[in-house]
Amino acid sequence: MNSPLRLGIAGLGTVGAGVVKIVRQNADLLSARTGTSIEITAVSARSRDKDRGVPLTGYAWEDDPVALATREDVDVFVELMGGTDGPAKDATEAAIAAGKHVVTANKAMLAIHGQALAEAAEAAEVSLRYEAAVAGGIPVIKALTEGLAGNEIKRIVGVMNGSCNYILTRMESAGLTYAEVFAEADGLGYLEADPQLDVGGIDAAHKLAILSSIAFGTKVDFDGIELEGIERVSIEDIRHAADMGYKIKLLGVAQKTGRGLEQRMMPCLVPDTSPLGQLQGGTNMVAIEGSAVEQVVLRGPGAGEGPTASAVMGDVCDIARGLRLPVFGQPASTLSQSTPAKSVLPAPYYLRMALDDKPGALAKIATVLGDAGVSIDRMRQYGHAEGAAPVLIVTHSCTRAAVDHALEAMQGTGVLASEPVVLRIEAV
Ligand code: NAP
Ligand code: HSE
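Residues numbered from 1 in each chain as written. Chains lettered and ligands numbered in written order. Predicted model: local features only at pLDDT ≥ 70, side-chain atom pairs only at ≥ 80, totals over all residues. Heavy atoms only, no water.

## Things to note about the site of ligand 1
Cut-off, in case you're wondering: Think of it this way: one heavy atom of a residue within 4 Å of a molecule or strand is enough to make that residue near it. Throughout this description, a polar contact denotes any pair of N or O atoms lying within 3.5 Å of each other; where both atoms belong to protein, one of them has to be capable of donating a hydrogen while the other can accept it, and for residues adjacent in sequence the pair is counted only when both atoms sit in side chains. Exposure was quantified through the Shrake-Rupley algorithm and a 1.4 Å probe, taking into account, for residues, occlusion by the shown protein chains and nothing else. In this classification, the charged set is Asp, Glu, Lys and Arg, the nonpolar set is Ala, Val, Leu, Ile, Met, Phe, Trp, Tyr, Cys and Pro, and all remaining amino acids, among them Gly, are polar.
Taken together, 23 residues lie near ligand 1, and L12, V15, S47, R52 and G304 sit nearest. A distance of 2.9 Å separates an oxygen atom of ligand 1 from a polar backbone atom of V15. Between an oxygen atom of ligand 1 and a main-chain N or O atom of S47, the distance comes to 2.7 Å. Taken by itself ligand 1 offers 900 Å² of open surface, and the protein chains cover 80% of this. Residue classes in the shell around ligand 1 are distributed as ten nonpolar, nine polar and four charged.

## As for the site of ligand 2
Applicable threshold: Strands here mean DSSP runs of E at least two residues long; helices mean DSSP runs of H or I at least four residues long; both are numbered from the N terminus.
Near ligand 2 the following residues occur: K107, N161, G162, S163, E192, D198, D203, K207, G302 and A303. Contacts to ligand 2 include E192, whose side-chain N or O atom sits 2.7 Å from a nitrogen atom. Measuring from an oxygen atom of ligand 2, one finds a side-chain N or O atom of K207 at 2.8 Å. When the free accessible area of ligand 2 is taken as 260 Å², the share hidden by the protein chains comes to 88%. Of all the elements in the fold, those that place two or more residues in the shell around ligand 2 are α7 (162-174) and α10 (202-216).

## Some words on the pairing of strand β1 (residues 5-10)
So the rule is basically this: Relative accessibility decides the category of a residue: with a 1.4 Å probe and only protein chains considered, values under 20% of the type maximum give buried, values over 50% give exposed, and everything between is partly exposed. Between any two strands, pairing holds if DSSP finds at least two bridges.
Burial runs high along β1: five of the six residues are buried. Pairing of β1 with strand β2 (residues 38-44), which is carried by six bridges, proceeds in the parallel orientation. Along β2, the bridge assignment pairs A10 with S44.

## Some remarks on helix α4 (residues 86-97)
The line we're drawing: For a helix, the expected span equals 1.5 Å multiplied by the residue count minus one. Contact between two residues is taken to exist if any of their heavy atoms lie within 4.5 Å; hydrogens are not considered.
With twelve residues, α4 should reach 16 Å at 1.5 Å per residue; the first-to-last C-alpha distance of 17 Å fits that figure. Of all the residues in α4, the buried ones are A88, K89, A91, T92, A94, A95 and I96. Next to the buried residues of α4 lie α3 (65-69), β4 (76-79), β5 (101-104) and α5 (107-123). Following α4 by one or two positions, G99 adopts a phi angle in the positive range, close to 80 degrees.

## Considerations on the nonpolar core
Inclusion rule: Only buried Ala, Val, Leu, Ile, Met, Phe, Trp, Tyr and Cys residues count toward a nonpolar core, and they belong to the same one when joined by side-chain atoms within 4.5 Å.
Ranked by size, the top nonpolar core spans 80 residues in total, and within it V140 and I167 carry the most contacts. Of the residues forming this core, the biggest block, nine residues, is contributed by α10. Those residues in contact with V140 that sit more than four places away from it in its chain are E131, V134, A135, L211, V286, I288 and L298. Grouped together as the second largest cluster of nonpolar side chains are 32 residues, I22, V23, L30 and A105 included.

## Regarding the packing of α4 against α5
How we decide: Lines fitted to the C-alpha atoms define the axes, with helices restricted to the stretch that makes contact. Angles between their N-to-C directions range from 0 to 180 degrees. For this classification, under 35 degrees means roughly parallel, over 145 means roughly antiparallel, 65 to 115 means roughly perpendicular, and everything else is oblique. For any pair of crossing helices, the crossing counts as left-handed if the nearer helix is rotated counterclockwise from the farther one by less than a right angle, and right-handed if it is rotated clockwise.
The N-to-C vectors of α4 and α5 enclose an angle of 15 degrees; their axes lie 10 Å apart at closest approach. With respect to α5, the element α4 is oriented roughly parallel. Between α4 and α5 the crossing geometry is right-handed. For the pair formed by α4 and α5, the contact residues are A88, K89, T92, E93 and I96 on the first element and M109, H113, L117, A120 and A121 on the second. Considering only residue class, the contact of α4 with α5 consists of six nonpolar, two polar and two charged.

## Focus on the environment of V199
The residue V199 is located in helix α9 (residues 196-199) in this model. V199 gets classed as buried once you look at its relative accessible area, which sits at 2%.

Quick look at the structure:
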C-alpha cells in the first residue's frame, strides 16, 4: 500500500459535503481501487458552525482557503467553493505554487483562467483536474482527453445546463410561461445563486469553452462564444415547435471550420425524436463526433450532490493512481489561439411571425424569403381572434445571413404585426 493521499477540501456546500460522504462511506473501495488510502486532513468553508449533514470531526479546520491549500499535510487541494476569481482562484494558484495537485468543479474559473492555471500546473508538475466542472456526473472530460484521444474531433454538441433544460421541459409539460417556471425553479433551489449564470447561458458556455479547448487543441476562449440565453423562449414557440416536430433546447455546439472555431450556446430546435429532443429535466447530454469513432453520446445527471461528487472522486482516484495528464489534453504551451468564427454553415430555420390578416400578406413574406434565397420547406398558419395571423415557417437549409437579409426586407412589407422569432434547427 502506498502512503495515504491527503485531501484538503475548501467548500462544504452541495458538492463538498458529497465528497466528504464518498470518502467516508467508500473508504475501502477507494483504497482497493487505487492502492492508496484516501483521507481528508483539513477542510474550509465560510461558516464553521453550519451543520453539513456529515461529520467533520477529525479534520483540521481552516478559515482561509489559501492556508488550507498550502498545508504540509495536504497533497490534493479540492476546490469546491466556486467563483471566477476571489478565494477559489487565489487558493488554486497557491496550491499549485506549493506543489499540490488540484481538483476543482469550478467551470467559471477554468473558462476564464484555464490557460494560465494549466500552464502553472504543468510547470509545477502537478495535476489540475476538473471532471465535475462539465456536465456534472458525466465523465466527458475523461472521454475526450483519454478514450477519444486518437480521433480528430469534428463537432461537439450538447445540453450542458440542467436548470435550463428543466425550465424548457417543464414549460412544455405544464403549459407554463417562462416567468412562471423560472420562479418555480428558483423557489426549489434549482438555480445558481446568480440565476443569470444559468438562464443567460453563461454557465453552459463556460462548459462548452472547456470542451472546445480539449477537442480542438485551442486555448480556452469563452469570449469567442456566440451566446444567447433562454429568457426569450416563449411558451408559444415551445408549443409551435412541438407542432412542427421539434423541441427547443439550450444547445451548445463547437466545431472547427475553415474560417476558425465556431462556438455557440443558444436556444435551438432539435427533432423531438432525437436523443437530445427526448432529454428531460436536469439531465445533460453531450455528443462527440470523431474522425474514427463517428459519434459517442454521453447522457447523465448534470448536477447535484452525488453526481458531482462522483466526478470529483474520479479525479482524486486518478491522482491516487499516479496518473498525470496535460490539463487540456495536450501541453498548455502547445494550445493555439483560436480565431472565433460565426456560424456560416447552412441550417434550416424556424420562423414565427404574426401577419396582418389581409389579402397578399403571406405572399409578400414568401416573396421576400424567395428574393433572399431562402426556400420554404413547411408553413403553417394558425387560427386567431385579434386580426393578426400567427404564421410558422420552416425553411430549407440556408445561411443565417440569408435569413437576416430576408428579415430586414420583411420590415418594409408593411404586413408584420410583431417581430419575427428566428431559431436555428440543429442536426443532431
Ligand atoms: P455551494 O453549495 O454554494 O457551496 C459553496 C461552499 O463554498 C460553501 O460551503 C461555502 O461556505 C464555501 N465558500 C464560499 N466562499 C468561501 C470562502 N471565501 N472561503 C471558504 N469557503 C467558502 O456550491 P456548490 O453547489 O457545492 O458548488 C461548488 C462548486 O461546484 C462551484 O464551482 C460550482 O459551479 C460547481 N458545481 C456545482 C454543481 C452542483 O450541482 N451544485 C455541479 C457542477 C459543478 P459556507 O457553506 O460556510 O457558506
Ligand atoms: N447550474 C448548473 C446546471 C449546475 O444547472 O447545470 C451544474 O453545473
